[in-house]
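Examining the three-dimensional arrangement
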Amino acid sequence: MKRVPATFIPLIMLDNRAKAPIYRQLYDCLRTAITEGRIRPGQRLPSTRAMAAELQVSRISVFNAYEQLQSEGYLETFAGSGTCVARTIPDDAFGLSSDQRRRGVRQAIAESGPRSLSVHALDLLNAPLEPWLRNLGAFRVSLPALDQFPVDVWSKLVARHSRKQSRVIMAYGDAMGYLPFRETIAQYLSAFRGVRCDSSQILVTTGSQQALQISAQVLLNPGDQVLMEEPGYPGARLAFATARAQLIPVPVDDEGLVVSEVVSRHRDARVLYVTPSHQYPLGTTMSAARRISLLKWAVHSGSWIIEDDYDSEYRFGSRPIASLQGLDVHSRVIYIGTFSKVLFPALRLGYVVVPKDLVPAFAAVRDAADIFSSTLYQAVLTDFIREGHFARHIRRMRMLYMDRRKALANAIRNQMGDTLEVIGSEAGMHLSAFLPHGVNDVSVSKEAARIGISAMPLSTCYLKPPTRGGLILGYGGVNPRQIHDGIRKLRISVHRTGGTC
């Protein structure tokens, strides 16, 4: 077994007034920590000198405790490696097997009675399992082409800032975010998305999901009405449900959200959530007339619009569509974006463009959540954008995703043309497709997950049961070979669950 280097001294409580000598107390503490698994087999203990200095006791006491533990088989020594926990500890070291100890813990929990949880926690625990999200192959939604990311460039930038970390980067940061990063985001959004903002309005978050949660906390009270696209993004639904809001579905057609439904029936809504540039999940684009009508409704009703611009960088049939926020002259739109989808998910950096009068409230909620995002990564991404690497990466990925979308559409047409009906515009990193009437998309997704395919069921994006199921297929993280093989397996999944192929 590989020996694990010592990185800490285990919790040891010594009492100088106790009858037992110090070495015996230390022996008992270490033996208990070993048998309970708090110190792992193979882990190296501190030297007798380091342990004595940490505990402020005689080195002889530490030496005697170590020697006793070694003689009983709890410790072993290696030349040049010091003293380590023995690689094999008998299960009956304390007269109880590991299974008996586990049962004892479970019994103690059971005897204490039911443990109370919040209503929100219970809701999350009772949510249906989503096996289609456990696979990172075909056709995992929102997964970019990670193998195409310029890792060498990124690594050099990380190394540059790591070697010369300033006090600003290492200390506590501003709840709104690292100022040079916010300035860079504002410049990018103004130039490429037509967003009206300056750096003082940019709030940096750990991705779009936190941006939604912060927006919900700032804008909503329990029972407030939130209008949601039907179908719509489940993550937004979850964020608003956390605020105990009343969620109201609004239908979507081939021009995006049906704004006439909003204007005629929902003047009391507090918030409307929308994805106008690339509707999630159907992929439609909201028309200019509807955008103007929606902004007028927000002004007249005093409602807020949350615009989620999650993957607007990727349009293939035309230039990117300007943001809804850029048309807003009354500051009723909260604009959300993320770098997780266009770069890599583990980056966990997103942003909110906040109306100026709401900035103090958003900053206060952000500070209460987790104070600020990693300043190091904000500094690295600032250089990544300013030095042109971001723009080059987006251009490359736009061409790559266009080819992959075509490959996926062709594979569907050739192998499942009588089963899947592709919908949506040529944009983004996923496409949606309807299944035949009567085919349960959740059953298809579960069967696909069982054979290694991630096909998200369209029905999970609805508040009300849909009349027809479908699948959401991500193509960003899969190459043409994986696409072809994935559709073959998906065809088998549909056939096994009662579809026709």
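Computed from a predicted model, the values in this text were never measured in an experiment. Numbering of residues begins from 1 in every chain and follows the order in which that chain's sequence is written. Predicted model: local features are reported for residues with pLDDT of at least 70 only, side-chain atom pairs are reported and counted for 80 or more only, and whole-chain, interface and lining totals are derived from all residues. No hydrogens and no water enter the side-chain calculation; it runs on all heavy atoms of the structure.

1. Quick word on the layout of surface pockets
The test is simple: Using a 1 Å grid laid over the protein atoms alone, points where a 1.4 Å probe fits but cannot get out form a cavity; open sets with protein on both sides within 12 Å along at least 5 of 7 lines form a pocket; any residue with an atom within 4 Å of a point counts as lining. Grid points are joined across faces, edges and corners, and a volume is the space filled by probe spheres set on the points. Each helix is a run of H or I in the DSSP string that is no shorter than four residues. Each strand is a run of E no shorter than two, and both are numbered from the N terminus. Each residue gets one of three labels, nonpolar for Ala, Val, Leu, Ile, Met, Phe, Trp, Tyr, Cys and Pro, charged for Asp, Glu, Lys and Arg, and polar for the others, Gly among them.
Roughly 1,200 Å³ of internal volume is contained in the largest pocket. Residue lining of the largest pocket: 37 residues in total, with E130, L133, P234, G235 and L238 positioned closest to the centre. Listing elements by their share of the lining of the largest pocket, those giving two or more residues are α5 (119–125), α9 (208–219), α10 (234–242) and α16 (441–450). Of the residues belonging to the lining of the largest pocket, the class tally is 18 nonpolar, eleven polar and eight charged.

2. Quick look at the nonpolar core
The criterion, for reference: Residues belong to a common nonpolar core when they are buried Ala, Val, Leu, Ile, Met, Phe, Trp, Tyr or Cys residues joined through side-chain atoms within 4.5 Å. Relative accessibility thresholds used throughout: buried, under 20% of the residue-type maximum; exposed, over 50%; partly exposed, between the two (1.4 Å probe, protein chains only). The contact criterion used throughout is that any non-hydrogen atoms of two residues lie within 4.5 Å.
F339, L343, L381, L473 and L490 are the most contacted members of the largest nonpolar core, which totals 60 residues. Take this core: its biggest share by element is eight residues, from helix α15 (residues 389–416). Beyond its immediate stretch of four places on either side in the chain, L473 contacts F139, L408, I412, M429, H430, L431, A455, I487 and L490. If you look at the next biggest cluster of nonpolar residues, it comprises 28 residues, including L212, L219, A239 and F240.

3. Describing the environment of G283
Residue placement: G283 occurs in the loop between β7 (271–274) and α12 (288–301). On the basis of relative accessibility, which here comes to 4%, the residue G283 falls in the buried class.

4. Description of the packing of aromatic side chains
Just so we agree on the cut-off: Think of it this way: a Phe, Tyr or Trp ring, Trp meaning its six-membered ring, pairs with another when their centres are within 6.5 Å, and the plane angle makes it stacked under 30 degrees, edge-to-face over 60, tilted otherwise.
Under the counting rule described, the total for this entry stands at 16 aromatic pairs. Note on W154 and F384: the rings are 5.5 Å apart at their centroids and 75° apart in plane angle, and the pair reads as edge-to-face. Taken together, the residues W154 in helix α6 (residues 151–163) and F384 in helix α14 (residues 375–386) connect sequence positions 230 residues apart. No difference in accessibility class separates W154 from F384, as the two residues are buried. Both rings, one in Y172 and one in F372, keep their centres 6.3 Å apart while their planes meet at 70°; by these two values the pair is edge-to-face.

5. Looking at the sheet that holds β7
Through backbone hydrogen bonds, the strands of a sheet pair up, either in parallel or in antiparallel fashion. Quick reminder of the rule: Two strands qualify as a pair provided DSSP detects at least 2 bridges between them.
Taking strand neighbours across the sheet as the criterion, the eight strands line up as β3-β10-β9-β8-β7-β4-β5-β6 in an open arrangement whose pairing is mixed. Taken across any chain shown, the strands that pair with only one partner, and hence form the sheet edges, are β3 (202–205) and β6 (256–257). Pairing between strand β9 (residues 333–338) and strand β10 (residues 350–353): four bridges, direction antiparallel. Within β10, the residue paired with I336 across the bridge is V352.

6. What about the pattern of salt bridges?
Using the following cut-off: Between Lys or Arg on one side and Asp or Glu on the other, a salt bridge is scored when a side-chain nitrogen of the former is within 4 Å of a carboxyl oxygen of the latter.
Scanning the model with the defined rule gives 18 salt bridges in all. When the shortest N-O distance is used, the salt bridge between E36 and R38 registers 3.2 Å. Between E261 and R265 there is a salt bridge; the shortest N-O distance is 2.6 Å. With E261 and R265 both in helix α11 (residues 259–265) and four residues apart, this pair spans about one turn of that helix. In this structure, a network of salt bridges that share partners links the residues R160, D383 and E387.

7. Here we look at unusual backbone geometry
Following E230, the chain continues into P231 via a peptide bond in cis, with omega recorded as 5°. Mapped onto the secondary structure, P231 falls in the loop between β4 (225–230) and α10. Along the chain, Y280 connects to P281 via a cis peptide bond; the corresponding omega equals 15°. Following the sequence through the fold, P281 ends up in the loop between β7 and α12.

8. Section: the pairing of β4
A large share of β4 lies buried, amounting to five of its six residues. With six bridges joining them, β4 and strand β5 (residues 246–253) adopt parallel strand pairing. Bridged to Q225 within β5 is Q246.

9. Things to note about helix α3 (residues 59–71)
Since one α-helical turn is 3.6 residues long, residues separated by three or four positions face the same way. So the rule is basically this: To estimate how far a helix should extend, the number of its residues minus one is multiplied by 1.5 Å. In the analysis that follows, any N or O atom pair within 3.5 Å is treated as a polar contact, provided that within protein one partner can donate a hydrogen and the other can accept it, and provided that, for residues neighboring in sequence, both atoms belong to side chains.
For α3, which comprises 13 residues, the first-to-last C-alpha distance of 18 Å matches the rise-based estimate of 18 Å (1.5 Å per residue) to within 8%. Put simply, S58 is the residue that caps the front of α3, since its side-chain oxygen is 3.1 Å from the backbone nitrogen of I60. Directly after α3, the chain includes G73, whose backbone phi takes a positive value near 90°.

10. Quick word on α10
Those residues of α10 that fall on the buried side of the exposure criterion are P234, G235, A236, R237, A239 and F240. Buried residues in α10 make contact with α9, β4, β5, β7, β8 (304–308) and β13 (456–457). Just past α10, the residue R244 takes up positive phi, approximately 60°.

11. As for the sheet that holds strand β11 (residues 421–423)
Spatial strand order, β11-β12-β14-β13: four strands in an open sheet with antiparallel pairing. Each edge of the open sheet carries a strand with a single partner, namely β11 and β13. Alignment of strand β12 (residues 430–434) against strand β14 (residues 470–474), held across five bridges, turns out to be antiparallel. Looking at β14, one finds that A433 is bridged to L471.

12. Some remarks on empty space enclosed by the protein
All told, the structure shown has two cavities of 30 Å³ or more when counted by the stated rule. Roughly 60 Å³ of volume is contained in the largest cavity. Forming the walls of the largest cavity are S208, Y233, Y273, T275, Y280, D308, Y310 and K341. A breakdown of the residues in the lining of the largest cavity according to their chemical character gives four nonpolar, two polar and two charged. By volume, the second largest cavity is sized at about 40 Å³. In terms of lining, the second largest cavity is formed by V141, S142, Y280, Y310, D311, K341, M429 and H430.

13. Regarding the packing of α16 against helix α17 (residues 480–496)
Rule in force here: Axis definition: a line fitted to C-alpha atoms, limited for helices to the stretch in contact. Angles are taken between N-to-C directions and run from 0 to 180 degrees. Just so you know how the angles are binned, under 35 degrees is roughly parallel, over 145 roughly antiparallel, 65 to 115 roughly perpendicular, and the rest oblique. Less than a right angle of anticlockwise turn of the near helix away from the far helix marks a crossing as left-handed, whereas a clockwise turn marks it as right-handed.
At a closest axis distance of 9 Å, the pairing of α16 and α17 adopts a crossing angle of 130°. Accordingly, the angle class assigned to the pair α16 and α17 is oblique. When you trace α16 past α17, the crossing you get is right-handed. Residues V444, E447, A448 and R450 of α16 form the contact with α17, whose participating residues are L490, S493, V494 and R496. For the contact of α16 with α17, the per-class residue count stands at four nonpolar, one polar and three charged.

Read these as spatial facts, not as claims about activity.
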